[in-house]
Amino acid sequence: MTNRNIRKVAVLGSGVMGSRIACHFANTGTEVLLLDIPAKEGPRNKIVDDALAAAIKSSPAPLYDARFAKRISTGNFDDDLPKIKDCDWIIEVVVERLDIKQQVLANVEKYRTPGTLITTNTSGIPIHAISAGRSDDFRRHFCGTHFFNPPRYLPLLELIPGPDTDPAVLAFLEDYGQRILGKVTVMAKDTPAFVANRIGVFGIMDVFHLVTDMGLTVEEVDRLTGPVIGHPKSATFRTADVVGLDTLVKVAQGVKDNCPHDERNSLFSIPEYLQQMVEKNMLGSKTGKGFFFKDRNSPKGEILSLDLKTLEYKPQVKPKFATLDAAKKVDDLRERLKLVYNGTDKAGEFYRRSFQAMFAYVSHRIPEISDELYKIDDGMRAGFGWEAGPFETWDAIGVKAALDAMNAAGVKVSPWVNDMIAAGHSSFYKVENGKRLFYDVASKSYKPVPRAEGLIVLSDLPESSVVWKNSAATVRHLGDGILSVSWTSKMNTIGAEVIQGLNKAIDLAEQGYKGLVVYNDGANFSAGANVGMIFMMAVEQEYDDLEMAVRTFQNTMMRMRYSSIPVVAAPHQLCLGGGTELCLHADKVVAHAETYMGLVEFGVGVIPGGGGTKEFALRLADELKEGDIRINAMRERFLTIGQAKVATSGHEAFALGYLRKGQDEVIVSRAHQLAYAKACALDLWNKGYTKPAPRKDIKVLGQEGLGIVYVGANSMLSGNYISQHDALISEKLGYVLCGGDLSEATEVSEQYLLDLERKAFVELCMQRKTLERLQSIITSGKVLRN
């Protein structure tokens, strides 16, 4: 069963979810048949074709690369349903109505090849009801697969077995979901709203009631329930607007109606203000009005917030809480959660009330919705974007401390929590011998959190794996002679301590190991060099120190390129500026599919100065052809840096020249990325890796290329497309890419180009307008075009 080969998938229903699920299967290289009802007028496939076209054009893009749409063919239920006999997996994603789902599946049974996987994407209809009346073989191969929207970006996939589902089918889907689709798979029970929505909607409804109880405003609550506690920026009310208030009300009503024994059943009743909003069609983003409203008549399109008492829109007032001011200074999420929970102002009271309600609620959901507590945390992280799940949050605050406060406040937890504490267990999770353990309620003991075989999780590795560390960077032995280097700084930026860590990792690897993997935990791989440090040196006019800092960065990149051991970079999410330069100098890059690479230095008034410009000149030379193509290739490379282009996926990074075809790779599973990168480093070593020789044969265009750069910059300037300062940066960039003012095409060395690059970088840092751009990024996070 686990050796099934999924070559072709049928997706039945092309609505918002169906079309995007089809796109995500296409992302993984699978052939997809997307079907829907035939159109009453016009071409028979008009409904499905229009839906797919709309999905492909939508933002955020559901495809890693627009060309992957060719993997999807379309059809309709009347003419094309027999084609499902050739599919290995059939996913039903039609409208959320039991009678319609049953009708579609009855038709599917006529054509489905026995043994084929058949699943339903539903957010709440009981799985056992959907498969009622189907054959034994159908029911054995049937279960629920609840994808979260948008399927490309939200990693949660809930698997809900029916009463007759073969365990081997579930084991296969769990593995396939993780390895191929890049999902966090959570095995759920067939209970209303399953796992994540049951908990997530409880949290939202609790806040919907708390906001009026405590007299808070919409913007205050969104400030309190966003990144400060490790939740997404959209927090509570903005999330509600995006999801749609009608959808939220429907899910909440579903829990209220179908869970009469839920101890917090009354909380799922709809508050008066929410009822009125639904009646007035104030449903959020889909109707243009919800808890927030963009006033297009105001000069800057001001976003107004809703006064819940009057249901009138008003200008937002910036929330002020002492607890939030204190939390700003704490980077570590666990410490920050403890701090806000113990706040002495109104914000602290809000946190205590909302956290305690959530802690009590999740304690009562075991074993109702899940036998294991880690599944609830996995569901909330992967489905709602929380950095810490409810039990992890409780651990951070202190289980006993929170429990004592809850007992004092009359907030009742499930008896198993008191039993756990009484037995001397003080936390829901702990790490022992490189394994993460969770408290198992049934056996009243700790068990390992299951991991797919061969996975490597940095945070689980024992302390004994640490070979060296400083305050920012850590070098670990991953086993089999492969080291890893990782760092923790704000946005994982690269400063002096990280540079020291990278050099030390290479030194150590060369002294008795076989290879090095550069990999980071956290939300991003790296947002680039420490801009604040560059700004300080430039403002103080410490140009010698600045020149030395840039030289050190360049030397570190070259050290990675020319070390005697293979270096594999494994980026994910933001990989900007210096983060991209690091990848450009690795022997191989194993990029996560959601990697957003870009040399974005132009936006802060400089050019890539850590070897990025040099590397683009080198790669340009390697692909140069005579005549026209040569100039076109140079123009493309120039514009990639000059327009600070950022790849919107790992696959798009190939088209922009950040990744190399045939050498670098993209992996969809973030969980498998580190283990695969390690395997790649070991493979390079086993194939007889030898230290490469520095390049001295880089053919640059000299004056021929410079002429094109200067003409292009001047025409953009005279057309008011760029500023005077943009034109200056463009000329400096072109100067380095073309190898300077050489009278003809000439072969030069890497060091020659690095010296030009460094000189241009420092000279740009002497410009007032560059300082203004740097200051804007540091103080507001916004790119200034001056």
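Refer to the structure above for everything that follows.
Everything numeric here is computed off the predicted structure, so don't read it as measured data.

In a beta sheet, neighbouring strands pair by backbone hydrogen bonds and run either parallel or antiparallel. Reading across the sheet, the three strands line up as β12-β13-β14 and stay open at both edges, with antiparallel pairing between neighbours. The open sheet has two free edges, formed respectively by β12 (429-432) and β14 (445-448), since each of these has just one partner strand. Neighbour-to-neighbour, the strand axes of the sheet open up by a mean angle of 40 degrees, direction not taken into account. The sheet contact formed by β12 and strand β13 (residues 435-440) spans four bridges and is antiparallel. For Tyr429, the partnering residue across the bridge sits in β13 and is Phe438.

One pass over the full model with this rule turns up 57 salt bridges. With a closest N to O distance of 3.1 Å, Arg44 and Asp79 form a salt bridge. Note that Arg44 is positioned in the loop between β2 (31-36) and α2 (46-57) and Asp79 in helix α3 (residues 77-80), a separation of 35 residues in sequence. By relative accessible area, Arg44 is classed as partly exposed at 40%. A relative accessible area of 42% places Asp79 in the partly exposed class. Here Glu510 ties to Arg559 by a salt bridge, and the two come within 3.0 Å at their closest N and O atoms. Residue Glu510 is found in helix α20 (residues 496-510), and its partner Arg559 is found in helix α22 (residues 543-561); the two are separated by 49 residues along the sequence.

According to the stated counting rule, one finds 30 aromatic pairs in the structure shown. On the numbers, 5.8 Å between centres and 75 degrees between planes, the contact of Trp89 with Tyr176 is edge-to-face. A residue pair is termed long-range when its members are at least 10 positions apart, and Trp89 in strand β4 (residues 89-92) and Tyr176 in helix α7 (residues 167-179) qualify at 87 residues. For the ring pair Phe391 and Trp394, a centre distance of 6.5 Å and an interplane angle of 15 degrees mean the geometry is stacked.

Note on soluble globular proteins: their nonpolar side chains tend to be buried together. Counting residues in each nonpolar core, the largest one holds 115 residues, and the members touching the most others are Phe291 and Trp394. Excluding anything up to four places from it in sequence, Trp394 contacts Phe359, Ser363, Val399, Ala402, Leu403, Met406, Val413, Val417 and Phe428. Listed in part, the 81 residues of the second largest apolar core include Ile499, Cys575, Leu624 and Val709.

A few words now on the packing of helix α24 (residues 612-623) against helix α30 (residues 750-765). The geometry of α24 relative to α30 is characterised by a closest axis approach of 8 Å and an angle of 135 degrees between their N-to-C directions. Comparing their axes, α30 and α24 come out oblique. Note on packing geometry: the crossing formed by α24 with α30 is right-handed. Facing α24, whose interface residues are Gly612, Thr613, Lys614, Glu615, Ala617 and Leu618, α30 presents Glu750, Leu753, Leu754 and Glu757. Class assignment of the residues belonging to the contact of α24 with α30 gives a composition of four nonpolar, two polar and four charged.

On to helix α21 (residues 531-539), then. Among the residues making up α21, those that are buried are Ile534, Phe535, Met537 and Ala538. On an axial view of α21, the arc spanned by its buried residues comes to 165 degrees, and they lie on one face. Lining the buried residues of α21 we find α22, α30 and α31 (768-780). Its side-chain oxygen 3.1 Å from the backbone nitrogen of Gly532, Asn530 forms the N-cap of α21. The first or second residue beyond α21 is Gln541, which carries a positive phi of 60 degrees.

Rules behind the numbers
Residues numbered from 1 in each chain as written. Predicted model: local features only at pLDDT ≥ 70, side-chain atom pairs only at ≥ 80, totals over all residues. Heavy atoms only, no water. Pairing = 2+ DSSP bridges. Helix = DSSP H or I, 4+ residues; strand = E, 2+ residues; numbered from the N terminus. Axes fitted to C-alpha atoms, helices over the stretch in contact; angles between N-to-C directions. Salt bridge = Lys/Arg side-chain N within 4 Å of Asp/Glu carboxyl O. Buried < 20%, exposed > 50% of the residue type's maximum accessible area, 1.4 Å probe, protein only. Phe/Tyr/Trp six-rings, centres within 6.5 Å; stacked < 30°, edge-to-face > 60°. Core = buried A, V, L, I, M, F, W, Y, C linked by side-chain atoms within 4.5 Å. Contact = heavy atoms within 4.5 Å. Parallel < 35°, antiparallel > 145°, perpendicular 65-115°, else oblique. Left-handed = near helix turned anticlockwise from the far one by under 90°. Nonpolar A, V, L, I, M, F, W, Y, C, P; charged D, E, K, R; others polar. Arc of directions from axis to C-beta. Polar contact = N/O pair within 3.5 Å; in protein donor to acceptor, adjacent residues only side chain to side chain.

Interpretation in functional terms is not warranted from these geometric data alone.
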